[in-house]
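Examination of the molecular architecture
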Amino acid sequence: MTVSSLAALPGLQPEARAVFADAVFTGAGLACERGGRRVFHGLSFHVCAGEALVLVGRNGSGKSSLLRLMAGLSRPAQGALTWNDGDIADDREAHHGRLHLIGHQDAIKPALTVRENLGFWARYRGGPGAPARIADALRAFALERLADLPARYLSQGQRRRLSLCRLLASPAQLWLLDEPRSGLDRAASESLDAVLARHRAAGGMAVVVLHGDDHPPAARVLDFDVSGTGARTDPC
């Protein structure tokens, strides 16, 4: 998939559009250790602009650990992670600025309203069009009617949707999502699929931990249960 304009996609305000440059995110010969135990080794991947990579495998195989490596929150025991041929360890601040990591913790401030929580993230990233991006995020995940409600009153599913709203309120090219469908009903899961498609159409990347076979269209798959030296995907 090539980088394209979002002009033809319905429901997106022009001020909220984000279009990303071509990029390649690569891991080569990665090994991860946790508590003195080797979690995985020999793992390699490539993700290009507009692509999705789905991580699959049994519990404890290292999928969440790989997301942390990809986010630069921990270092691989072996191997390297590069963005356009530059090691992400050389400029961690720049790497953190190009990604969102959404895991099992929701990173929501309960005393703030839904809108205020999104405003925090929009200001954190900066850039023009924050009100439009916030409005787009609320609409995408059907939280408009709850925008002025303190987050402490949200249900688990609503909190999950608010966490996912951050992806739209505060644009970043690389999305690292750990079981993002957890806590979502069918309608919210379909909204997530639409948001992922829109992100990829703009040249964004997504690395997603999922269970089952409900994968984004044309997604690469990295299977942690592959025998041998490690899982890998083909180059872009």
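See the structure shown above.
Just so you know, these numbers come straight off a predicted model, no measurement behind them.

1. Points about the side chain of S189
By the secondary structure assignment, S189 is in helix α6 (residues 186-201). Excluding its chain neighbours within four sequence positions, the residues that come into contact with S189 are R181 and L184.

2. As for the packing of aromatic side chains
Scanning all chains against the criterion turns up 5 aromatic pairs. Here F25 and F45 contribute two aromatic rings whose centre-to-centre distance is 5.3 Å and whose plane-to-plane angle is 70 degrees, an arrangement assigned as edge-to-face. Here F25 is found in strand β1 (residues 24-34), whereas its partner F45 is found in strand β2 (residues 37-48), with 20 residues between them in sequence. Here F25 matches F45 in class, with each residue buried. Look at W121 and Y124: their rings are 5.7 Å apart centre to centre, the planes differ by 80 degrees, and that puts the pair in the edge-to-face class. Here Y124 and W121 lie together in helix α3 (residues 114-125), a separation of 3 residues that amounts to about one turn. Here the aromatic cluster, defined as three or more aromatic residues joined through ring pairs, consists of F25, F45 and W83. Taking the ring centre of F120 as reference, the NZ or CZ of K109 above it sits at 5.2 Å. Lying over the aromatic face of W121, R166 brings its terminal NZ or CZ to 4.4 Å of the ring centre.

3. Re the sheet that holds strand β5 (residues 86-87)
Taken in spatial order, the 4 strands of this open sheet run β2-β1-β4-β5, and their pairing is antiparallel. The two strands at the open ends of the sheet, each matched to only one other strand, are β2 and β5. Sheet strands in contact with helix α1 (residues 63-70) are β1, β2 and β4 (78-83), and its direction is about 60 degrees off that of β2.

4. Remarks on the sheet that holds strand β3 (residues 52-56)
Pairing within the open sheet is parallel, and its 5 strands lie in the order β6-β7-β8-β3-β9. Two strands in the sheet have a free side with no partner beyond their single neighbour: β6 (99-102) and β9 (220-223). Each adjacent strand pair in this sheet contributes to an overall mean axis angle of 15 degrees, direction not counted.

5. Some points on the pattern of salt bridges
Enumeration according to the criterion identifies 8 salt bridges in this entry. Its salt-bridge partner being R115, residue D148 comes within 3.4 Å of it at the nearest N-O pair. Remark: R115 occurs in helix α3 and D148 occurs in the loop between α4 (130-140) and α5 (156-169); sequence separation between them is 33 residues. Owing to a relative accessible area of 38%, R115 belongs among the partly exposed residues under this scheme. One continuous salt-bridge network, built from bridges that share partners, spans D136, R139 and R198.

6. Quick notes on the side chain of S65
Structurally, S65 is set in helix α1. When its relative accessible area of 9% is taken as the criterion, S65 is described as buried.

7. A short note on a negative patch on the surface
On the surface, a cluster of negative charge is contributed by D87, D90, D91 and E93. If you trace the backbone, D90 turns up in the loop between β5 and α2 (92-97). According to the relative accessible area criterion, D90 is exposed, its value standing at 65%.

Quick notes on the rules
Residues numbered from 1 in each chain as written. Predicted model: local features only at pLDDT ≥ 70, side-chain atom pairs only at ≥ 80, totals over all residues. Heavy atoms only, no water. Helix = DSSP H or I, 4+ residues; strand = E, 2+ residues; numbered from the N terminus. Contact = heavy atoms within 4.5 Å. Phe/Tyr/Trp six-rings, centres within 6.5 Å; stacked < 30°, edge-to-face > 60°. Buried < 20%, exposed > 50% of the residue type's maximum accessible area, 1.4 Å probe, protein only. Lys NZ or Arg CZ within 6 Å of the ring centre and 35° of its normal. Pairing = 2+ DSSP bridges. Axes fitted to C-alpha atoms, helices over the stretch in contact; angles between N-to-C directions. Salt bridge = Lys/Arg side-chain N within 4 Å of Asp/Glu carboxyl O. Patch = residues over 30% accessible without salt bridge, like charges linked within 9 Å, V, L, I, M, F, W, Y side chains within 5 Å. Areas by Shrake-Rupley, 256 points an atom, 1.4 Å probe, with all protein chains shown as cover. Lys, Arg positive; Asp, Glu negative; His and termini not counted. Charge placed at Lys NZ, Arg CZ, Asp CG, Glu CD.

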